[in-house]
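Residue-level structural notes
Here's the letter readout for the chains.
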Amino acid sequence: MEPVLVTVQLKKHYGPIQAVNGLDLAVQKGSVYGILGPNGSGKTTTLGMLLGITNPTSGSFSWFGKGQIDDNRKRIGSLLEQPNFYPYLTGEQNLKVVALIKGVDEKEIDGVLSAVNLLDRKKSQARTYSLGMRQRLALASALLGNPDVLLLDEPTNGLDPQGIAEVRDFIRNQSAQGRTIILASHILDEVEKVCTHVSVIKKGNLLAQGTVNDLLKGEDQVEIAGDNLAALAEQLVNYPGIKRTELLSGNILLHVEEGFNPAALNKYFSDKQIHLSHLVARKKRLEEQFLELTAE
């Protein structure tokens, strides 16, 4: 399957500042692709280049296998920075302005408002909208023109838990309809919950790229605890399948090979008359991977 987006050594420099430094990305059709990085890592600059807002210093990108032609942007809906609307116009009137700019039929407005659960407030002035509602209005604006791709920059930034959940549901619904979504965020938990693929960037450099599952693959962990942690650790020295151990506050964290059997470990201790008070198998979270990748 041909990727929706490919970048080749994409760079953006501002004098000595390398905002984006040689990004090679490939976004497959139908994926929810997260560009993950701390603030100042080059995420917004990257999206700005992809939308034609700013020109690359060097390198290239191609949408839909058609290069950088202007017609590509008609197939992309975007949300960059904080949404701004005319406060004394209603939600519907604001979208009419957007539809006029995009050259889109106003008949689409009710449909996109329904998609973000704002249809019942379309006659309300935008100044009466909460931050979460303004964000949803911005998402409705991005949907005008029935784009193939949604490109979202920090879509949950500043929202309360309810607003975050609403944006998360929106992303999942749009993905289920076959849209490709490119999501830039520094919120690790949200990327882990909604994305199928992720790239990690720092200071404009690509550190890792792949499916969320691939980045987590092989990072199985087991937490154990008992009355005497030192004694537990001593018994683990030659136990097969354990790559390394960490003595934490109140428990021991085992970094184990894929396929490690926690039940066999429990029996191993039981046979030695050592009883564990805590045994939990888990995958290393994307947050831990991210912190390791971006550590100085």
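Residues numbered from 1 in each chain as written. Predicted model: local features only at pLDDT ≥ 70, side-chain atom pairs only at ≥ 80, totals over all residues. Heavy atoms only, no water.

Concerning the overall build of the protein
- If you tally the helices and strands in the protein, you get ten helices and 14 strands.
- On the principal axes, the C-alpha backbone points of the protein span a range of 75 × 45 × 35 Å.
- With 296 residues in all, the protein has 46% of them scored as buried.
- Sequence-distant contacts, at least 24 apart, represent 69% of the contacts inside the protein between residues at least 6 apart. (Helix = DSSP H or I, 4+ residues; strand = E, 2+ residues; numbered from the N terminus. Buried < 20%, exposed > 50% of the residue type's maximum accessible area, 1.4 Å probe, protein only. Contact = heavy atoms within 4.5 Å.)

Considerations on the nonpolar core
- Core analysis: the largest hydrophobic core is formed by 42 residues, its most contacted members being Leu95, Leu144, Leu152 and Ile171.
- Setting aside residues no more than four positions away along its own chain, Leu152 makes contact with Leu47, Leu79, Leu139, Ile171, Ile181, Ile182, Leu183 and Ala184.
- Counting residues in each nonpolar core, the second largest holds 22 residues, with Leu23, Leu25, Ile35 and Ala184 among its members. (Core = buried A, V, L, I, M, F, W, Y, C linked by side-chain atoms within 4.5 Å.)

Considering the sheet that holds strand E4 (residues 32-36)
- With mixed pairing, six strands are arranged side by side in an open sheet as E6-E7-E8-E4-E9-E10. Each of the sheet's edge strands pairs with one partner strand only, and the pair in question is strand E6 (76-79) and strand E10 (205-211). Neighbour-to-neighbour, the strand axes of this sheet turn through a mean angle of 15°, independent of strand direction.
- In this structure, E4 lies alongside strand E8 (residues 180-185), joined through five bridges in parallel fashion. Opposite Leu36, over in E8, you have Ser185 as the bridge partner.
- Contacting E4, strand E7 (149-153), E8 and strand E9 (197-202), helix H1 (residues 43-50) runs over the sheet at an angle of about 145° to E7.
- Packed onto the sheet, helix H4 (residues 131-143) meets E6 and E7 and runs at close to 160° relative to E6. (Pairing = 2+ DSSP bridges. Axes fitted to C-alpha atoms, helices over the stretch in contact; angles between N-to-C directions.)

Focus on the side chain of Gln174
- With respect to the helices and strands, Gln174 occurs in helix H5 (residues 161-176).
- For Gln174, a relative accessible area of 2% translates into the label buried.
- The residues contacting Gln174, other than those within four sequence positions of it, are Ala115, Leu143, Leu150, Arg179 and Ile181.

What to know about the pattern of salt bridges
- Scanning the entire structure with this criterion turns up twelve salt bridges.
- Note that Arg73 and Asp70 form a salt bridge whose closest N and O atoms lie 2.6 Å from each other.
- Judged by relative accessible area, which is 54%, Asp70 ranks as exposed.
- With a closest N to O distance of 3.5 Å, Asp71 and Lys74 form a salt bridge.
- We classify Asp71 as partly exposed; its relative accessible area is 47%.
- Shared partners join several salt bridges into a network, and the residues in it are Glu92, Asp110, Lys122 and Lys123. (Salt bridge = Lys/Arg side-chain N within 4 Å of Asp/Glu carboxyl O.)

Brief notes about unusual backbone geometry
- For Asn117, which is not glycine, the phi torsion reads 60° and is therefore positive.
- Tracing the backbone through its elements, the reader meets Asn117 in the loop between helix H3 (109-115) and H4.
- Take Asn117: its relative accessible area is 60%, and that puts it in the exposed class.
- One non-glycine residue, Gln273, lies in the positive phi region at around 60°.
- Here Gln273 lies in the loop between helix H9 (262-271) and strand E14 (278-283).
- Given a relative accessible area of 63%, Gln273 falls into the exposed group.

Digging into the pairing of E9
- Most of E9 sits inside the fold, with five of its six residues counted as buried.
- As paired strands, E4 and E9 are joined by four bridges and run parallel to one another. Note that in E9 the partner of Ile35 across the bridge is Ser199.
- Bridge count for E9 against E10 is six bridges, and the pairing is antiparallel. Paired with Val198 across the two strands is Gly210, which belongs to E10.
- Connecting E9 to the next strand, E10, in antiparallel fashion are two residues, including Lys203 with a positive phi near 50°.

Function-wise, these values are silent; they only describe arrangement.
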